[in-house]
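# Reading the structure
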Amino acid sequence: MSAQPSGVESLAGARRPRRRSERPFAWAVSCGMSAYGALAGVRFDRLFHEPDAIWEAYTVGQPRARELFGPDVGYAGPNFEQISYGHINCLGCELTFVRDSEPMFTPLYGSLAEGIQALHKPVDWARAGLMPSYLNLWTQLRGKFPGHAIEFWGFRSQGPITTAWALRGHDFFLDLHDDPPLCMEFLRLVTDSIVSFRQFLLRVNGLGAPNGAFVTDDIAAMIRPELWGEVVVPILDRFYWLQTSGERGAHIENLIPDHIPFLDTLRLDHFDPSVSPRITPADLRDHCFVPFEWLLNPMQTRDFSKQQIRDYLMDAAAHEASTLRCHVARDTILDNSIENVHFFITVAKEIAGARLSPATLTSCGK
């Protein structure tokens, strides 16, 4: 692999990213395996590794979801529930499958030096950690659902900052200050490992080089804005540069307004703030040019009144959100939020159909 140019050089040579004015407004509602499992009465943790539970959840729960939510929702096909820590498991992090909950992981490296030494060693991804089990599960699911094109993405990776934290534990935040050069070496090796893992997944799925890359890196929000220019930007730029010259997307939760200008520095084409209570659509509009989506998350779908949902969506559209999203998850089913999903669809259709100006949207939301 050739040496990467510096963050500034790499970013300066990149193609022009897409701006908000160039992306048409859209909205979407998605529904997947966790909701199917809840509707079928299948315990959540079983969806991560039991083929019979996945069969039951999909064959029983998916038709029930379609009956409840109707044709305007995107329904995911059958697959095992996504595990965000497949990459670190292949590096040696143990995963614990907790009853009716997400898998948990245990940090691996006791020091930066230990991590750097380990990350210099090549990894046979196909034989590492639980990968053989999940490749076997994938084979079983393709046999159970021959009419579906089931891809292998669910045993996945996180972004570089989140992965560094997962591998080192909370000591990672001390590493940033105790030994910045060594910490940056660690982050570069973490990034290269993630890219290698993602390239393996492309080969498994029979795909070539990607046309774009998307990073999920929530822990990046825990690094203060003053350090983003010297830590986060060059590392995320490396993540993109090693994979593609195409579009760049990011999901980072819980940023603050001072982080937002760095989204332009990274030349993102799409940003997903997801659950980010410390920023507003107006903050994103005023501090960057990147197209962004705005999510009505399952907690809000559960807790908001219809008027709150209308105000929330109208405010986002008035402040130039490119996409409005709602996700039907198991909590949406368990907490009886079905009517609010339908109301999201109603309001999103109103916004899309009217093609209102920001001023009109603001007034409609009052």
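Structure shown above.
An account of the accompanying structure is given in this report. These numbers were taken from a predicted model, which means no experiment stands behind them.

Contact geometry for helix α9 (residues 180-204) and helix α10 (residues 225-241): axes closest at 9 Å, N-to-C directions at 25°. Relative to α10, the element α9 is oriented roughly parallel. The element α9 and its partner α10 pack so that their crossing is right-handed. Residues M184, L187, R188, T191, D192, I194, V195 and R198 of α9 form the contact with α10, whose own contacting residues are E230, V231, P234, I235, R238 and F239. Of the residues that constitute the contact of α9 with α10, the class distribution is eight nonpolar, one polar and five charged.

How two helices sit against one another is set out by the angle between their axes and by the gap between those axes. Interaxial distance between helix α7 (residues 160-168) and helix α8 (residues 171-178) falls to 8 Å at its minimum, and their mutual angle equals 110°. As far as their axial angle goes, α8 and α7 are roughly perpendicular. For the pair formed by α7 and α8, the contact residues are I161, A164, W165 and R168 on the first element and D171, F172, F173 and D175 on the second. Partitioning the contact of α7 with α8 into residue classes produces five nonpolar, no polar and three charged.

With that settled, consider the packing of aromatic side chains. Scanning all chains against the criterion turns up 18 aromatic pairs. Taking the centre distance of 5.7 Å and the plane angle of 75° together, the rings of Y36 and Y58 count as edge-to-face. Here Y58 lies in helix α3 (residues 51-69) and Y36 lies in helix α2 (residues 33-40), a separation of 22 residues in the sequence. A residue is classified by how much of its surface remains accessible, and Y36, at 0% relative accessible area, is buried. Overall, the relative accessible area of 10% leaves Y58 in the buried class. Ring centres of F239 and Y240 lie 5.4 Å apart, and the angle between their planes is 75°; on these two criteria the pair is classed as edge-to-face.

Phi is positive for N254, which is not a glycine, with a value near 70°. With respect to the helices and strands, N254 occurs in the loop between β6 (247-251) and α11 (261-265). N254 sits in the partly exposed class, given a relative accessible area of 30%. The backbone phi angle of R267 is positive, close to 55°, even though this residue is not glycine. Counting through the fold element by element, R267 comes out in the loop between α11 and β7 (270-272).

Conventions adopted
- Residues numbered from 1 in each chain as written.
- Predicted model: local features only at pLDDT ≥ 70, side-chain atom pairs only at ≥ 80, totals over all residues.
- Heavy atoms only, no water.
- Axes fitted to C-alpha atoms, helices over the stretch in contact; angles between N-to-C directions.
- Helix = DSSP H or I, 4+ residues; strand = E, 2+ residues; numbered from the N terminus.
- Parallel < 35°, antiparallel > 145°, perpendicular 65-115°, else oblique.
- Left-handed = near helix turned anticlockwise from the far one by under 90°.
- Contact = heavy atoms within 4.5 Å.
- Nonpolar A, V, L, I, M, F, W, Y, C, P; charged D, E, K, R; others polar.
- Phe/Tyr/Trp six-rings, centres within 6.5 Å; stacked < 30°, edge-to-face > 60°.
- Buried < 20%, exposed > 50% of the residue type's maximum accessible area, 1.4 Å probe, protein only.

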